[in-house]
Amino acid sequence: MPFITIQIADGHSVELKRKLAKAVTDTVVSTLGTKPEWVTVHIDEFRRENWAVGGQLHIDKHPGRHAEKVENNRK
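Residues numbered from 1 in each chain as written. Predicted model: local features only at pLDDT ≥ 70, side-chain atom pairs only at ≥ 80, totals over all residues. Heavy atoms only, no water.

**Considering the pattern of salt bridges**
Our working definition: We define a salt bridge as a contact between a side-chain nitrogen of Lys or Arg and a carboxyl oxygen of Asp or Glu at a distance within 4 Å. Only DSSP runs of H or I reaching four residues or more are called helices, and only runs of E reaching two or more are called strands; each is numbered from the N terminus. The cut-offs for exposure are 20% and 50% of the maximum accessible area for each residue type, with area from a 1.4 Å probe on protein chains only; residues under the lower value are buried, those over the upper are exposed, and the others partly exposed.
For the structure shown, the criterion picks out four salt bridges. Among the salt bridges present, the one from Glu15 reaches Arg18, with a minimum N-O distance of 3.4 Å. Here the residue Glu15 and the residue Arg18 both occupy positions in helix α1 (residues 14–32), the gap between them amounting to three residues, near one helical turn. Note that Glu49 and Arg47 form a salt bridge whose closest N and O atoms lie 3.2 Å from each other. Overall, Glu49 belongs to the partly exposed group, its relative accessible area being 34%. Overall, the relative accessible area of 37% leaves Arg47 in the partly exposed class.

**Remarks on the confidence of the model for the protein**
Detailed reading of the predicted coordinates is not advisable wherever pLDDT is low. Applicable threshold: pLDDT measures the predictor's confidence residue by residue and takes values from 0 up to 100.
Here the protein averages 88 in pLDDT, and 85% of its residues register 70 or above. The least confident element of the protein is helix α3 (residues 67–74), whose mean pLDDT is 55; the most confident is α1, at 98.

**Description of the packing of aromatic side chains**
Condition: Aromatic rings from Phe, Tyr and Trp, with only the six-membered ring used for Trp, were paired whenever their centres fell within 6.5 Å, and each pair was classed as stacked if the ring planes differed by under 30 degrees, edge-to-face if by over 60, and tilted otherwise.
A full pass over the atoms with the stated rule returns one aromatic pair. Where Phe46 meets Trp51, the ring centres are 5.4 Å apart and the plane angle is 85 degrees; that geometry is what we call edge-to-face.

**A few points about the pairing of strand β2 (residues 40–46)**
What counts here: Strands pair, by our definition, only if DSSP identifies at least two bridges between them. By convention, orient the strands away from the viewer: a clockwise path from the first strand over the helix to the second makes the crossover right-handed.
Relative to β2, strand β1 (residues 3–9) is paired through seven bridges, and the arrangement is parallel. Bridge assignment links Phe3 to a residue of β2, and that residue is Thr40. The parallel pair β1 and β2 is bridged by α1, and the resulting crossover is right-handed.

**Considerations on the nonpolar core**
Selection rule: The definition of a nonpolar core used throughout is a set of buried Ala, Val, Leu, Ile, Met, Phe, Trp, Tyr and Cys residues joined through side-chain atoms within 4.5 Å. By definition in these notes, contact holds between two residues if any of their heavy atoms fall within 4.5 Å.
Membership of the largest hydrophobic core is limited to six residues, which are Ile6, Ile8, Val24, Val28, Val29 and Val39. Within the residue set of this core, elements represented by two or more residues are β1 and α1. The greatest single-element share of this core, amounting to three residues, is contributed by α1. Apart from residues lying up to four places away in sequence, Ile6 is in contact with Leu20, Val24, Val41, His42, Ile43 and Asp44.

Printed below as a string of structure tokens:
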């Protein structure tokens, strides 16, 4: 029973996450020969202020770049 965890920044639509879960499930099924109902996909979202690369927060590297997208998806 495969359990797949995907970590992504928040702000993606539910529809996009549905497509992601389906694509990952289909790939695991075709690769491992398992049944779709045995595949669990866990999408773990994090806020960009909680993500740093090279000691710099992502929101500081790209200020404003994702703010509008995130706010629109939270409504």
